[in-house]
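Chain by chain, the residues run as shown.
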Amino acid sequence: MADLDLLMEWQAHPHVRAWWDSEEPYTTEEMSDPRVSRWIVSNDARPFAFMQDYTVHGWADHHFAKLPKGARGIDQYIGDPEMIGLGHGTAFIGARMQVLFDAGAPMIATDPHPDNRRAISVYKKLGFEAVAPPQQTRWGLILPMVARRS
């Protein structure tokens, strides 16, 4: 909760608002949800991004609930506009993926909006593949993508 002001500042930027639902601020209950792990990502002590991963089996109606036990979902954004296009997204997402795979996750799933070409390009570089056509979920229109542990 100490980072809430920073998150709200980042979510006000047009490049984040285009893809991230930021209408409602986080509540203490949401931030303490044990199904989700959240971080502020920094480079040289400069915070620039938000990342979360979650158990895909934490919600009965989740679109990734049929993935194998231990699968994790990820979401993230670069909040600081000066840090976009420099390779930081690929680096911090790849680093977190390695931690999740090392901890035993058989798959990692993500669900960008089908029009978010920048995110989809990064995910493909990191080994994600689309596993179904775009679909509407309670979280919005998504392209389901999965990376498998090698």
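Refer to the preceding data block for the structure.
Keep in mind the model is a prediction, meaning the values are calculated, not measured. (Residues numbered from 1 in each chain as written. Predicted model: local features only at pLDDT ≥ 70, side-chain atom pairs only at ≥ 80, totals over all residues. Heavy atoms only, no water.)

**Quick notes on the packing of aromatic side chains**
No. 1: Here the structure, examined in full by the defined rule, presents seven aromatic pairs.
No. 2: Seen from their ring centres, Trp20 and Phe50 are 5.8 Å apart, and the 80° between their planes marks the pair as edge-to-face. Remark: Phe50 occurs in strand β2 (residues 46-55) and Trp20 occurs in the loop between α2 (14-17) and α3 (28-31); sequence separation between them is 30 residues. Here Trp20 and Phe50 have matching classes, each one buried.
No. 3: Aromatic pair Tyr54 and Trp59: ring centres 5.9 Å apart, planes at 80°, arrangement edge-to-face. Trp59 shares its class with Tyr54; the two are buried.
No. 4: An aromatic cluster of at least three residues, connected via ring pairs, comprises Trp10, Trp20, Phe50 and Tyr77. (Phe/Tyr/Trp six-rings, centres within 6.5 Å; stacked < 30°, edge-to-face > 60°. Helix = DSSP H or I, 4+ residues; strand = E, 2+ residues; numbered from the N terminus. Buried < 20%, exposed > 50% of the residue type's maximum accessible area, 1.4 Å probe, protein only.)

**Thoughts on the environment of Ile93**
No. 1: Among the secondary structure elements, Ile93 is positioned in helix α4 (residues 88-102).
No. 2: Its relative accessible area of 5% is what places Ile93 among the buried residues.
No. 3: With 21 residues separating them along the chain, Ile93 and Arg72 place their C-alpha atoms 13 Å apart.

**Focus on the sheet that holds strand β4 (residues 107-110)**
No. 1: In spatial order, the strands read β1-β2-β3-β4-β8-β5; together these six strands make up an open sheet with mixed pairing. For this open sheet the edge positions go to β1 (36-43) and β5 (129-130), each flanked by a neighbour on one side alone.
No. 2: Note that strand β3 (residues 72-78) and β4 share two bridges and pair parallel. Bridge pairing in β4 links Gly73 to Ala109.
No. 3: On top of the sheet, helix α1 (residues 4-11) reaches β1, β2 and β3; it is set at about 95° to β2, its chief contact.
No. 4: Running over the sheet, helix α5 (residues 117-125) touches β3, β4 and β8 (145-148) and is turned about 20° from β8. (Pairing = 2+ DSSP bridges. Contact = heavy atoms within 4.5 Å. Axes fitted to C-alpha atoms, helices over the stretch in contact; angles between N-to-C directions.)

**Structural notes on the nonpolar core**
No. 1: Of all hydrophobic cores here, the largest spans 22 residues; its most connected members are Ile74, Phe92, Ile93 and Phe128.
No. 2: The set of elements that each furnish at least two residues to this core consists of β2, β3, α4, α5 and β8.
No. 3: Here the element with the most residues in this core is α4; it accounts for five residues.
No. 4: Setting aside its immediate chain neighbours within four residues, Phe92 contacts Val41, Phe48, Ala49, Met51, Gln76, Tyr77 and Ile78. (Core = buried A, V, L, I, M, F, W, Y, C linked by side-chain atoms within 4.5 Å.)

**Re α4**
No. 1: The end-to-end C-alpha separation of α4 is 21 Å, in line with the 21 Å expected for 15 residues at 1.5 Å each.
No. 2: Of the residues making up α4, those classed as buried are His88, Gly89, Phe92, Ile93, Arg96, Met97, Leu100 and Phe101.
No. 3: In the core, the buried residues of α4 are packed alongside β1, β2, β3, β4, α5 and β8.
No. 4: Count one or two residues on from α4 and you reach Gly104, which has phi positive near 110°. (Expected span 1.5 Å × (residues − 1).)

**Regarding the pattern of salt bridges**
Once their charged atoms are close, side chains differing in charge can pair, the charge on each being opposite to the other.
No. 1: The final tally for this structure, using the stated rule, is six salt bridges.
No. 2: We note a salt bridge from Glu82 to Arg46, for which the minimum N-O separation is 3.0 Å. One end of the pair, Glu82, is in the loop between β3 and α4; the other, Arg46, is in strand β2, with 36 residues separating them in the sequence.
No. 3: For Glu82, a relative accessible area of 60% puts it in the exposed group.
No. 4: Linking Arg96 and Asp53 is a salt bridge whose minimum nitrogen-to-oxygen distance equals 2.8 Å. (Salt bridge = Lys/Arg side-chain N within 4 Å of Asp/Glu carboxyl O.)

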